[in-house]
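Geometric and topological summary
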Amino acid sequence: MGFGIPQDYKEAAKWYKLAVEQGDAQAQYNLGTMYAKGEGVIQDDNEAVRLYKLAVEQGYAEAQFKLGGKFFRGEGVPLDHKKAIRLYKLAATQAHAAAQAILGSIYEYGKNVPQDYAEALKWYRLGADNGQQNAQLALGLMYALGKGMPQDRFEGIKWIRLAAEQGHNISQNALGSFYEAGSGVLQDNVMAHMWFNISAANGSEGAISDRDNLAKNMTSVNISKAQSMARKCLESNYKKCGH
C-alpha cells in the first residue's frame, strides 16, 4: 500500500515514463529500478542501464551508486571496475553512505585496486559518520585490529556498539564476541550472551551457536539474567542494554 491507495506497479510505471520524458532524474532512476526488477514492466537490464545513465548525467547519487554496482558486477553492462569505482566516488562525494562503505571495502581488501588502508579508513569514516552500519562495523574492526593505524580496541568498540544499537545483527554478534573475550571491554559472559541472543533474534545464524556454546559455561541464573537483559534491550529500542 502507498499513500492510502493500493500499490500498482503498472500505474506507477506509466507516470514515471511521463516524468522521464520531462527529464526528471528521480523518475529516470525509479523507472530504471522497475526495469531492473521487472516490477510493472518486462524486466530489461539494458533499459534499466539506459535510464540509470540518464539520471547519472544529471548527478543523481542513487543512480550513480546503482550503475556503479552494475559495472562492478558486470550486470547488463561489460564488467568495468574502473567505471564502477568512478561512479561509486561520484555518489560518495554526495554523501551517499552506502557508496562510502563499499569504497572502504574495496580499498581495505584491494578489490581490483591496490590495497590502501588509509583510503579505506577515509571512506569508512565518512560512511560511519553518516550512520551507515556496515561502515561503522568495518571502521570499528580496523581500530580493534590495528589495521592501518595503532590498535585501539576502545575506539573500535565504540563504533561497533553504534552499529549494534541500530539493530545491525553482525555488529551485535561481534560485540558479543568482544565481551566474551574481554577485548576492549571487561570480560562479561552475561553481556556476551545478551548480544549473541539479540543478534540471533535479528537473524544471525552464527550468533545462535555462539550463544548456545557460551551458555554451556554459564549458570542458569546468569543465563536467565542475560535473557531478561536482551528483552529489555529490544523493548527499549536499544536504550537499555546492560546490567
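Here's what I pulled together on the structure shown here. Just so it is clear, the structure is predicted and the values come from calculations on it, not from any experiment.

Let's shift gears to the overall build of the protein chain. Within the protein chain one finds 13 helices and zero strands. Listing the helices and strands of the protein chain from first to last along the sequence gives α-α-α-α-α-α-α-α-α-α-α-α-α. Counting across all 243 residues of the protein chain, residues that qualify as buried make up 48%. For the protein chain, the proportion of contacts with a sequence separation of at least 24, taken over those separated by at least 6, is 45%. With an accessible surface of roughly 12600 Å², the protein chain has 51% of that area assigned to carbon and sulfur atoms. Charge-centre separation for the protein chain: the mean point of 27 positive side chains lies 3 Å from the mean point of 25 negative side chains.

Moving on, we come to the state of the cysteines. Throughout this description, disulfide means a covalent bond between two cysteine sulfur atoms. Applying the stated criterion across every chain yields a total of one disulfide. Between the sulfur atoms of C233 and its disulfide mate C241 the distance is 1.9 Å. Disulfide C233-C241: the torsion about the S-S bond is 70°, which places it as right-handed. Take C233 and C241: they sit in the same class, and that class is buried.

Now for the environment of K66. You can see K66 is positioned in helix 4 (residues 61–73). Residue K66 is classed as partly exposed on the basis of its relative accessible area, which comes to 28%. In this structure, the C-alpha to C-alpha distance between K66 and L87, residues 21 residues apart in sequence, is 8.7 Å.

Attention now goes to unusual backbone geometry. Here A95, not a glycine, exhibits a phi torsion of approximately 65°, which is positive. Relative to the helices and strands, A95 is located in the loop between helix 5 (81–92) and helix 6 (97–109).

So, on to the packing of aromatic side chains. Evaluation of the coordinates by the stated rule reveals four aromatic pairs. When the centroid spacing of 6.3 Å and the interplanar angle of 50° are considered together, the rings of F72 and Y88 count as tilted. Of the two residues, F72 is situated in helix 4 and Y88 in helix 5; the sequence distance between them amounts to 16 residues. Among the aromatic residues, ring-to-ring pairing joins Y29, Y52 and Y60 into one connected group.

This paragraph deals with the side chain of H96. Along the polypeptide, H96 turns up in the loop between helix 5 and helix 6. By relative accessible area, H96 is classed as buried at 12%. Setting aside residues up to four positions removed in sequence, H96 forms contacts with A61, E62, F65 and A91.

For the rest of this paragraph, the subject is the pattern of salt bridges. The final tally for this structure, using the stated rule, is seven salt bridges. Notably, a salt bridge pairs E11 with K14, separated by 3.2 Å at the nearest N-O pair. In this pair, E11 and K14 both sit in helix 1 (residues 9–21), three residues apart, roughly one turn of the helix. Judged by its relative accessible area of 33%, E11 falls in the partly exposed class. The exposure class of K14 is partly exposed, given its relative accessible area of 40%. Between E155 and K158 there is a salt bridge; the shortest N-O distance is 3.0 Å. Here the residue E155 and the residue K158 both occupy positions in helix 9 (residues 153–164), the gap between them amounting to three residues, near one helical turn.

Cut-offs and rules
Residues numbered from 1 in each chain as written. Predicted model: local features only at pLDDT ≥ 70, side-chain atom pairs only at ≥ 80, totals over all residues. Heavy atoms only, no water. Helix = DSSP H or I, 4+ residues; strand = E, 2+ residues; numbered from the N terminus. Buried < 20%, exposed > 50% of the residue type's maximum accessible area, 1.4 Å probe, protein only. Contact = heavy atoms within 4.5 Å. Areas by Shrake-Rupley, 256 points an atom, 1.4 Å probe, with all protein chains shown as cover. Lys, Arg positive; Asp, Glu negative; His and termini not counted. Charge placed at Lys NZ, Arg CZ, Asp CG, Glu CD. Disulfide = S-S within 2.5 Å. Phe/Tyr/Trp six-rings, centres within 6.5 Å; stacked < 30°, edge-to-face > 60°. Salt bridge = Lys/Arg side-chain N within 4 Å of Asp/Glu carboxyl O.

Honestly, it's all geometry; don't read function into it.
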